[in-house]
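# Coordinate inspection notes
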Amino acid sequence: MKAIRRFTVRPVLPDSLRPLSDLARNLRWSWHAETRDLFQSVDPECWAASGGDPVRLLGSVPPARLTELADDRRFLRRLTAATDDLNDYVTGARWYQTQAAELPAAVAYFSPEFGITAALPQYSGGLGILAGDHLKAASDLGVPLIGVGLLYRHGYFRQSLSRDGWQQEHYPVLDPNELPVAQLKEADGTAAQVSLALPGGRSLRARIWLAQVGRVPLLMLDSDVEENDLGERGVTDRLYGGGSEHRLLQEMLLGIGGVRAVRTYCRLTGHPEPEVFHTNEGHAGFLGLERIAELGDRGLEFDAALETVRAGTVFTTHTPVPAGIDRFDRELVARHFGPEAELPHIDVERVLRLGMETYPGGEPNLFNMAVMGLRLAQRANGVSLLHGQVSREMFAGLWPGFDPEEVPITSVTNGVHAPTWVAPEVLRLGARQIGAQRAEDALTVGGSDRWDAVGDIPDQDIWELRRELREQLVVEVRERLRASWRQRGAGAAELGWIDGVLDPDVLTIGFARRVPSYKRLTLMLRDRDRLMDLLLHPEHPLQIVVAGKAHPADDGGKRLVQELVRFADDPRVRHRIVFLPDYGMAMAQKLYPGCDIWLNNPLRPLEACGTSGMKAALNGCLNLSVLDGWWDEWFQPDFGWSIPTADGSGTDADRRDDIEAAALYDLLEQRVTPRFYERGQHGLPDRWIEMVRQTLTLLGPKVLAGRMVREYVERLYTPASQAHRSMTPAAAGELAAWKARVRAAWHGVSVDHVETATATATAELGTTLVLRVRVALGELGTDDVEVQAVSGRVDSEDRITDAATVPLKPTGGPDLEGRWMYEGPLSLDRTGPYGYTVRILPAHRLLACGAELGLLAVPSEELVEAAGVLMR
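Residues numbered from 1 in each chain as written. Predicted model: local features only at pLDDT ≥ 70, side-chain atom pairs only at ≥ 80, totals over all residues. Heavy atoms only, no water.

## Things to note about the overall build of the chain
In terms of regular secondary structure, the chain is built from 29 helices and 27 strands. The principal-axis extent of the C-alpha atoms belonging to the chain is close to 95 × 70 × 50 Å. Here the chain holds 872 residues, and the buried ones make up 56% of them. Long-range pairs, those at least 24 residues apart, make up 73% of the contacts in the chain with a sequence separation of at least 6. (Helix = DSSP H or I, 4+ residues; strand = E, 2+ residues; numbered from the N terminus. Buried < 20%, exposed > 50% of the residue type's maximum accessible area, 1.4 Å probe, protein only. Contact = heavy atoms within 4.5 Å.)

Structure below.
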């Protein structure tokens with residue numbers, strides 16, 4: 001019989017065990033091995049059955065066992081030590097508190113998903129895992145961050161396979177009362193809520209749930225409240241679910257409701273108000289509109305409020321393709337804003353203007369969330385060096401006239417949270433080498449360029465560790481594979497072969513990620529006979545573990561999964577290649593350490609970063625990857641292999657896949673497998689072990705989330721907080737008025753004449769020329785602009801590369817025609833073809849960079865032709 005109502009019955013812990021509840025409610029246990037060991041010792045069987053979730057564990061431990069533990073002095077000593085350690089962790093000074101610079105009082109970090117732990121399934125893939133690692137690293141560093149997201153009642157889907165290998169989705173209902181979260185409550189004990197106005201006089205209400213991630217509070221909004229109509233209750237039903245209006249409402253709730261939730265949290269707890277708002281991808285972009293509305297309520301005009309908001313906002317883009325960005329129909333957005341809906345005091349046209357693709361190549365009727373994010377943020381970044389470059393090219397239309405390299409989007413390469421992703425066995429080896437505290441500091445705070453202590457670990461220890469991790473993976477794979485085949489309808493009598501799946505002494509390759517087409521899950525199947533030969537080689541075999549989910553609406557991705565599954569079902573190779581359904585954090589934490597090679601073969605440059613390879617590297621796994629994302633930045637032959645790319649414009653997609661698959665097979669046959677199986681004089685694969693050592697020594701410190709968050713603090717958060725403090729109401733009003741005046745007058749700005757002190761076409765290195773430029777400024781003055789000389793080597797089409805800019809100075813006042821003469825030196829500091837040009841940019845002390853307004857004046861075509869190109 002089916003229950004008509006469901007309750008969560010909480011255990012009543014004896015007084016001496018009450019601290020267990022506090023430990024379970026702080027998600028630091030998810031990356032703190034000693035706390036997890038304590039919970040496991042409560043009841044090992046219940047711990048295994050709970051999937052390593054302390055909240056579920058405490059709800060299932062028999063009362064008799066709790067009574068026994070309440071009198072167990074050894075257990076109580078461990079409990080006291082764990083409680084004291086957590087208290088010291090959340091209250092003591094950490095890296096952030098020791099910095100001399102004037103840092104932000106607080107930072108609000110918005111993301112549509114957060115992957116903290118498998119016990120809180122609010123993530124779909126890389127974006128969420130990255131957001132979770134960002135929060136954990138901020139906690140370890142003591143950064144006063146507030147996370148903001150949504151609480152999805154179905155999370156992301158669970159994946160299983162049909163008998164013929166087709167992906168099937170299941171959406172388990174999540175009860176927040178059974179999750180490691182607590183409701184945020186008002187002083188009178190009622191649930192804290194936020195509310196949004198909807199068209200037609202309706203409203204969207206949401207409760208605020210709090211997950212404590214170490215020192216960092218994570219606020220999650222949940223619209224499944226009784227006061228909402230059925231449609232509004234379902235707004236936070238599924239991650240990335242529903243149609244356009246559903247997604248728009250999710251993103252309005254995340255951005256607008258999220259700011260209101262932060263204000264509520266700070267009011268109730270006394271937490272400092274954020275000075276910086278960080279938008280992790282465009283989904284939360286509406287947060288800027290809510291902050292403009294707040295300032296409007298305090299009497300600030302829209303344009304001045306916009307400048308104030310921009311000063312304190314950081315925007316991170318994660319997608320290298322326009323298709324990865326949420327875009328909404330103009331009319332849909334217009335209907336949800338204005339007098340009859342949300343933010344009634346802001347003109348709807350002003351809202352629309354922030355997100356419309358009003359640039360060459362854009363769709364002028366679409367509202368683009370990333371475009372709004374960029375227009376509402378003074379600072380923006382991609383998530384690897386290459387992705388920063390791709391992003392500058394992708395969004396260059398917002399800054400017309402500027403070369404892509406000058407588009408104001410920088411990059412902070414992602415990192416991963418080592419205590420979450422490094423196997424306990426690897427941590428213990430590090431602690432044995434340099435001590436537990438130094439090992440913990442190295443993995444959390446980072447700061448060193450090399451981990452030289454790895455060089456002192458004996459080869460034998462490294463090899464034994466790698467085999468132990470591989471053996472654990474084999475056990476895990478067999479358990480998961482058996483469960484998957486039972487789900488697919490197989491009987492126990494059919495599954496004896498699973499006991500022989502994988503071999504702990506065979507080279508093991510891992511491939512696990514989402515399954516969009518550009519990640520090329522099935523590239524390895526391009527030549528099946530050749531792959532089969534590799535899997536079944538009599539002396540140098542390899543084995544492959546594959547996992548990944550296709551989006552529920554992506555039938556193309558599901559076909560790729562089915563193709564891989566059908567190959568892995570072949571009795572000839574099923575002991576050497578497996579597909580594991582339901583890829584998630586719990587599986588990943590076993591998969592990364594147990595593999596010898598992490599394979600990544602996306603279409604370059606469509607992988608923004610690709611952090612799974614970083615997690616593998618921290619466990620001594622070597623990367624075999626296309627030079628994309630982070631691997632393009634940090635690859636060295638000392639610690640991995642690069643798959644050559646065939647990305648020439650004349651190569652069609654099929655031909656490209658053929659070429660790159662052949663290159664992958666060649667690498668595996670000729671370089672990877674021989675090195676793994678080659679033995680030195682002591683019977684060990686010395687050269688392979690050296691690559692593992694180099695991976696840990698040189699890559700380890702780079703791929704840390706601690707390094708990433710420190711970069712955000714130093715390069716983005718701190719400048720943003722300083723700009724925020726400088727942007728007083730008076731300064732914001734001044735800047736807004738100045739921008740309006742400059743935009744209105746820019747048509748009168750031009751470069752009229754350029755001359756140098758030489759007319760020859762060659763000059764010697766080290767020569768300094770005097771450059772004189774006559775400009776028209778129209779209604780603007782010399783304080784409103786900067787006139788620059790831009791110089792550098794030129795290519796065959798006279799484009800300046802690796803440009804250097806030098807400001808020129810006005811000499812005297814305007815002439816009778818109102819023109820100004822500017823002058824300055826031009827140093828010829830490079831040999832070969834060399835050229836220069838001049839340009840005029842707006843200049844103001846409160847601008848983050850000269851490109852901010854997207855305004856530029858350069859010499860006319862006629863003037864360029866008359867001048868020629870200097871020093872060819």
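## Re the sheet that holds strand β27 (residues 834-842)
Pairing within the open sheet is antiparallel, and its 3 strands lie in the order β24-β23-β27. The open sheet has two edge strands, β24 (800-807) and β27, and neither has a second partner. Within this sheet the neighbouring strands show an average axis-to-axis angle of 30 degrees, counted without direction. Pairing analysis gives 9 bridges linking strand β23 (residues 785-794) to β27, with the strands arranged antiparallel. Paired with Val785 across the strands is Pro842, a residue of β27. (Pairing = 2+ DSSP bridges. Axes fitted to C-alpha atoms, helices over the stretch in contact; angles between N-to-C directions.)

## Quick word on unusual backbone geometry
Geometrically, the link from Arg604 to Pro605 is a cis peptide bond, its omega value of 5 degrees lying close to zero. The phi angle at Leu502 is positive, at roughly 65 degrees, despite the residue not being glycine. Take Leu502: it is sitting in the loop between α19 (459-487) and β15 (507-512). Phi at Arg520 is positive, roughly 55 degrees, even though this residue is not glycine. With respect to the secondary-structure elements, Arg520 resides in the loop between β15 and α20 (528-535).

## Observations concerning the sheet that holds strand β21 (residues 750-756)
Spatially, 4 strands are ordered β21-β22-β26-β25 in an open sheet, and the strand pairing comes out antiparallel. Two strands lie at the open edges of the sheet, namely β21 and β25 (809-810), each paired on one side alone. Direction of pairing for β25 relative to strand β26 (residues 819-827): antiparallel, over a ladder of 2 bridges. Residue pairing for β26: Lys809 is matched across the bridge by Glu823.

## Observations concerning helix α9 (residues 244-269)
Between its first and last C-alpha, α9 extends 36 Å over 26 residues, near the 38 Å set by a 1.5 Å rise per residue. Along α9, the sharpest change in direction is near 35 degrees and occurs at Gly257. Looking one or two residues beyond α9, the residue adopting positive phi is Gly270, at roughly 80 degrees. (Expected span 1.5 Å × (residues − 1). Bend = angle between axes of the 7 residues up to and from the residue.)

## With respect to empty space enclosed by the protein
A complete count under the given rule lists 7 cavities of 30 Å³ or more for this structure. There is about 90 Å³ of room inside the largest cavity. The wall of the largest cavity is formed by 13 residues, among which Leu481, Trp485, Ala568, Asp569 and Phe579 lie closest to the centre. Listed by contribution, the elements that provide at least two residues to the lining of the largest cavity are α19, α21 (555-568) and β17 (577-580). Its residues assigned to classes, the lining of the largest cavity comprises 9 nonpolar, 1 polar and 3 charged. (1 Å grid on protein atoms, 1.4 Å probe; cavity = no way out; pocket = protein on both sides within 12 Å on 5 of 7 lines; lining within 4 Å. Points joined across faces, edges and corners; volume = space filled by probe spheres on them. Nonpolar A, V, L, I, M, F, W, Y, C, P; charged D, E, K, R; others polar.)

## Details of the pairing of strand β3 (residues 158-161)
Strand direction decides the pairing type here: β3 and strand β4 (residues 167-170), joined by 4 bridges, are antiparallel. Along β4, the bridge assignment pairs Leu161 with Gln167. Connecting β3 to the next strand, β4, in antiparallel fashion are 5 residues, including Gly165 with a positive phi near 90 degrees.

## Quick word on the environment of Tyr822
Looking at where Tyr822 falls in the secondary structure, it is placed in strand β26. Expressed as a C-alpha distance, the spacing of Tyr822 and Asp752, which sit 70 residues apart in the sequence, is 11 Å. Setting aside anything within four residues of it in sequence, one finds Tyr822 in contact with Leu771, Arg772, Val773, Val775, Leu777, Thr782, Val785, Val787, Leu808, Lys809 and Pro810.

## Brief notes about the packing of helix α10 (residues 287-297) against helix α11 (residues 302-311)
How two helices sit against one another is set out by the angle between their axes and by the gap between those axes. Remark: α10 packs on α11, axes separated minimally by 9 Å, with the N-to-C direction vectors making an angle of 125 degrees. Between α10 and α11, the crossing angle belongs to the class labelled oblique. Both α10 and α11 take part in a crossing whose hand is right-handed. Contact residues: Gly288, Arg291, Ile292 and Leu295 in α10; Phe302, Ala305, Leu306, Thr308 and Val309 in α11. Its residues assigned to classes, the contact of α10 with α11 shows 6 nonpolar, 2 polar and 1 charged. (Parallel < 35°, antiparallel > 145°, perpendicular 65-115°, else oblique. Left-handed = near helix turned anticlockwise from the far one by under 90°.)

## Side note on the packing of helix α17 (residues 424-434) against helix α18 (residues 436-444)
The geometry of α17 relative to α18 is characterised by a closest axis approach of 7 Å and an angle of 120 degrees between their N-to-C directions. Taken together, α17 and α18 sit at an angle that is classed as oblique. Here the hand of the crossing between α17 and α18 comes out right-handed. Residues Leu427, Gly430, Ala431 and Ile434 of α17 lie in contact with α18, whose contacting residues are Ala436, Arg438, Ala439 and Leu443. In terms of residue class, the contact of α17 with α18 is built from 6 nonpolar, 1 polar and 1 charged.

## Quick look at the packing of aromatic side chains
Evaluated as defined, the whole model comprises 20 aromatic pairs. One aromatic cluster in this structure is built from Trp463, Trp641, Phe676, Tyr677 and Trp688. In this arrangement the basic side chain of Arg513 is found over the ring face of Phe511, its NZ or CZ atom lying 4.4 Å from the centre. Over the ring of Trp497 we find Arg574; its NZ or CZ atom is 4.0 Å from the centre of that ring. (Phe/Tyr/Trp six-rings, centres within 6.5 Å; stacked < 30°, edge-to-face > 60°. Lys NZ or Arg CZ within 6 Å of the ring centre and 35° of its normal.)

## Thoughts on α17
Residues of α17 that are buried: Glu425, Val426 and Leu429. Across the axial projection of α17, the buried residues extend over an arc of 105 degrees, all falling on one side. On the buried face of α17, the contacting elements are α19. Just beyond α17, the residue with positive phi is Gly435, at close to 95 degrees. (Arc of directions from axis to C-beta.)

## Quick notes on a positive patch on the surface
Taken together, the side chains of Arg73, Arg74, Arg77 and Arg78 make up a positively charged region of the molecular surface. Relative to the helices and strands, Arg78 resides in helix α6 (residues 73-91). (Patch = residues over 30% accessible without salt bridge, like charges linked within 9 Å, V, L, I, M, F, W, Y side chains within 5 Å. Areas by Shrake-Rupley, 256 points an atom, 1.4 Å probe, with all protein chains shown as cover. Salt bridge = Lys/Arg side-chain N within 4 Å of Asp/Glu carboxyl O. Lys, Arg positive; Asp, Glu negative; His and termini not counted. Charge placed at Lys NZ, Arg CZ, Asp CG, Glu CD.)

## Brief notes about the nonpolar core
Most often, soluble globular proteins have nonpolar side chains that are buried together. Met524, Ile544, Ile597, Leu624, Trp641 and Trp688 are the most contacted members of the largest nonpolar core, which totals 105 residues. Contact partners of Leu624, with chain neighbours within four places excluded, come to Ile597, Trp598, Leu599, Asn600, Trp641, Ile643, Leu664, Leu667 and Leu668. By size, the runner-up hydrophobic cluster in this structure holds 95 residues, among which are Leu198, Met252, Leu289 and Met372. (Core = buried A, V, L, I, M, F, W, Y, C linked by side-chain atoms within 4.5 Å.)

## Notes on the pattern of salt bridges
A full pass over the atoms with the stated rule returns 64 salt bridges. The shortest N-O distance in the salt bridge between Glu669 and Arg530 comes to 3.0 Å. With a gap of 139 residues between them, Glu669 in helix α25 (residues 653-677) and Arg530 in helix α20 connect regions that are remote in the sequence. What you see here is one network of salt bridges that share partners, running through Arg520, Arg526, Asp654, Arg656, Asp657, Asp658 and Glu660.

## Some thoughts on the pairing of strand β7 (residues 203-213)
For β7, the buried fraction is high: 8 of the 11 residues fall into the buried class. Sheet topology note: the strand β5 (residues 182-183)/β7 ladder contains 2 bridges and is antiparallel. Paired with Ala182 across the bridge in β7 is Leu210. Between strand β6 (residues 193-197) and the antiparallel strand that follows it, β7, lie 5 residues; Gly200 among them carries a positive phi value of about 80 degrees.

## Remarks on the state of the cysteines
Tallied over the entire structure, the rule returns 0 disulfides. The thiol of Cys595 is not disulfide-bonded; the next cysteine sulfur, from Cys621, is found 5.7 Å away. (Disulfide = S-S within 2.5 Å.)

## Thoughts on a negative patch on the surface
Taken together, the side chains of Glu34, Asp37, Glu440 and Asp441 define an acidic patch exposed on the protein surface. Elements that contribute at least two residues to the negative patch include exactly α2 (33-42) and α18. In this fold, Glu34 is placed in helix α2. Its relative accessible area of 52% is what places Glu34 among the exposed residues.

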